[in-house]
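Results of the structural survey
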Amino acid sequence: MRISGLLNLRALFVAGLIAVVVSPARAQAFSVRANPYDSLQEHDGWTTLKTDTGILFVWNRKDLSFTLLVRGNEIRPMDTSDNIFFSVDGLPFQIQSLPISNFAPDARKNKLDNKAIMFAHREWEARFIAEELLHHKLTVQTAVVRLTNGSEALIWQFDVPKEVGGDARKQLYVTVVSKDYVILLNSVVNDNSSEETVRKFLVDTMTTLKVSDSRIDVKKLQESIRKGSGP
């Protein structure tokens, strides 16, 4: 799986589509359903609903359902196989979610708090990127922030080695813990976007996260948006 993921990333670099360095094999992604009325009540998956300010991203799976409001004038999905990539006003943007058990199987047993879990994920992901994808030592900068919605988030980033090619100068990530998962947003700093702009976009987007205790009824949500009462 890791080899396949690496090939997918290299294909993206060659195509010049994106320079976001992540491991697709790690992401818990599903096929997009273009029709918002295609019920997600019985099937795991994700979809997007158009709003006045951009799109509402809806994720439904057996044990995790959430929405994210992604704001932008021009938002389109990027053709990246099974991974959730968008172009938001020209900015590459990815949404990921994965079980905590993937990188910290004893987290609950050892009673790790959310901060420790996020740091464990950062170490796990950064090590894989450095050793398996880039073959280059990374210097990771990290900050813990409190979002306006009250949740704690981890912001981490690193400079992209020049040897990688492409126009990305930095990778930025924002992570939160929800139930038995981490939810991760990431993007890049390039010649067309500043570090401050990208960080604000990721943090603002993560602030809109709404986790549901049950599966989200996409049809009802679509109807509420149509009536102007949602999201």
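Please refer to the structure higher up on the page.
Residues numbered from 1 in each chain as written. Predicted model: local features only at pLDDT ≥ 70, side-chain atom pairs only at ≥ 80, totals over all residues. Heavy atoms only, no water.

**Re the pattern of salt bridges**
Convention followed: A pairing counts as a salt bridge when a side-chain nitrogen of Lys or Arg comes within 4 Å of a carboxyl oxygen of Asp or Glu. Counting from the N terminus, the helices are DSSP H or I runs at least four residues long and the strands are E runs at least two residues long. Exposure classes here rest on a 1.4 Å probe applied to the protein chains alone. A residue is buried below 20% of its type maximum, exposed above 50%, and partly exposed in between.
Overall, the coordinates contain 10 salt bridges when judged by the stated rule. The closest approach of N and O atoms between Lys-200 and Asp-204, which form a salt bridge, is 2.6 Å. Here Lys-200 and its partner Asp-204 are both found in helix H3 (residues 195-207), 4 residues apart, which amounts to about one turn of the helix. The exposure class of Asp-204 is partly exposed, given its relative accessible area of 32%.

**Quick notes on H3**
One turn of an α-helix holds 3.6 residues; hence residues three or four places apart share an orientation. So the rule is basically this: Multiplying 1.5 Å by the helix residue count minus one yields the expected span of that helix. Residues count as neighbours in contact if any of their non-hydrogen atoms are within 4.5 Å of one another.
Given a rise of 1.5 Å per residue, 13 residues ought to cover 18 Å, and the 18 Å separating the end C-alpha atoms of H3 matches this to within 8%. Of all the positions in H3, only Val-198, Phe-201, Leu-202, Val-203, Thr-205, Met-206 and Thr-207 are classed as buried. In this structure, the buried side of H3 is in contact with strand S3 (64-71), strand S5 (85-88), strand S6 (91-99), strand S8 (152-159), strand S9 (170-178) and strand S10 (181-189).

**As for unusual backbone geometry**
Most peptide bonds take the trans form, and the phi angle of most residues other than glycine is negative. Phi at Asp-89 is positive, roughly 50 degrees, even though this residue is not glycine. Note on placement: Asp-89 falls in the loop between S5 and S6. On the basis of relative accessible area, Asp-89 is assigned to the partly exposed category, the value being 46%.

**A word on the pairing of S6**
Each regular strand displays side chains that alternate between the two surfaces of the sheet. How we decide: Note on pairing: DSSP must find at least two bridges between two strands before they are called paired.
For S6, a buried count of 9 out of 9 residues is recorded, marking the element as mostly surrounded by other parts of the structure. Neither face of S6 is open: one carries Leu-91, Phe-93, Ile-95, Ser-97 and Pro-99, the other Pro-92, Gln-94, Gln-96 and Leu-98, and all of them are buried. The sheet contact formed by S5 and S6 spans 4 bridges and is antiparallel. Within the sheet, the bridge partner assigned to Phe-85 lies in S6 and is Gln-94. Adjacent in sequence and paired antiparallel, S5 and S6 are bridged by 2 residues, among which Asp-89 carries a positive phi angle near 50 degrees. The sheet contact formed by S6 and S10 spans 7 bridges and is antiparallel.

**Overview of the packing of aromatic side chains**
How we decide: When the centres of two rings from Phe, Tyr and Trp lie within 6.5 Å, Trp using its six-membered ring, the rings pair. Their planes under 30 degrees apart give stacked, over 60 give edge-to-face, and anything left gives tilted.
Counted according to the given criterion, the structure contains 11 aromatic pairs. Ring geometry for Phe-57 and Trp-59: centres 6.2 Å apart, planes at 45 degrees, overall tilted. Of the residues examined, Phe-57 reaches a relative accessible area of 0% and is grouped as buried. Ring centres of Phe-57 and Phe-86 lie 6.3 Å apart, and the angle between their planes is 85 degrees; this geometry places the pair in the edge-to-face category. Of this pair, Phe-57 sits in strand S2 (residues 54-61) while Phe-86 sits in strand S5, placing them 29 residues apart in sequence. On the basis of relative accessible area, Phe-86 is assigned to the buried category, the value being 3%.

**A closer look at the nonpolar core**
Formally: Among buried residues, the Ala, Val, Leu, Ile, Met, Phe, Trp, Tyr and Cys ones that are joined through side-chain atoms within 4.5 Å form a nonpolar core.
Among the nonpolar cores identified, the biggest contains 31 residues, and Phe-57, Phe-66, Phe-86, Phe-93, Ile-95, Leu-202 and Met-206 are the most heavily contacted of them. At the level of secondary structure, the elements contributing two or more residues to this core comprise S2, S3, S5, S6, S8, S9, S10 and H3. A total of 5 residues in this core trace back to one element, the largest contributor, which is H3. Residues in contact with Phe-66, not counting those within four places in the same chain, are Phe-57, Val-58, Trp-59, Ile-183, Leu-209, Lys-210, Val-211 and Ile-216. Residues Ile-117, Trp-124, Val-177 and Val-182 belong to the second largest nonpolar core, which totals 22 residues.

**Observations regarding helix H4 (residues 218-227)**
Formally: This arc describes the spread of directions from the helix axis toward the C-beta atoms. Here a polar contact is taken to be a pair of N or O atoms separated by no more than 3.5 Å, where protein atoms must pair a possible hydrogen donor with a possible acceptor and residues adjacent in sequence count only if both atoms sit in side chains.
Within H4 the residues assigned to the buried category are Val-218, Leu-221, Gln-222, Ser-224 and Ile-225. All buried residues of H4 fall inside an arc of 160 degrees around its axis, so they share one side. In H4, the exposed positions angled more than 90 degrees off the buried face are occupied by Lys-220, Arg-226 and Lys-227. Summarising the contacts, the buried residues of H4 are in contact with strand S1 (45-50), S2 and S3. The backbone nitrogen of Lys-219 lies 3.1 Å from a side-chain oxygen of the residue at the head of H4, namely Asp-217. One or two residues past the end of H4 sits Gly-228, with phi positive at roughly 85 degrees.

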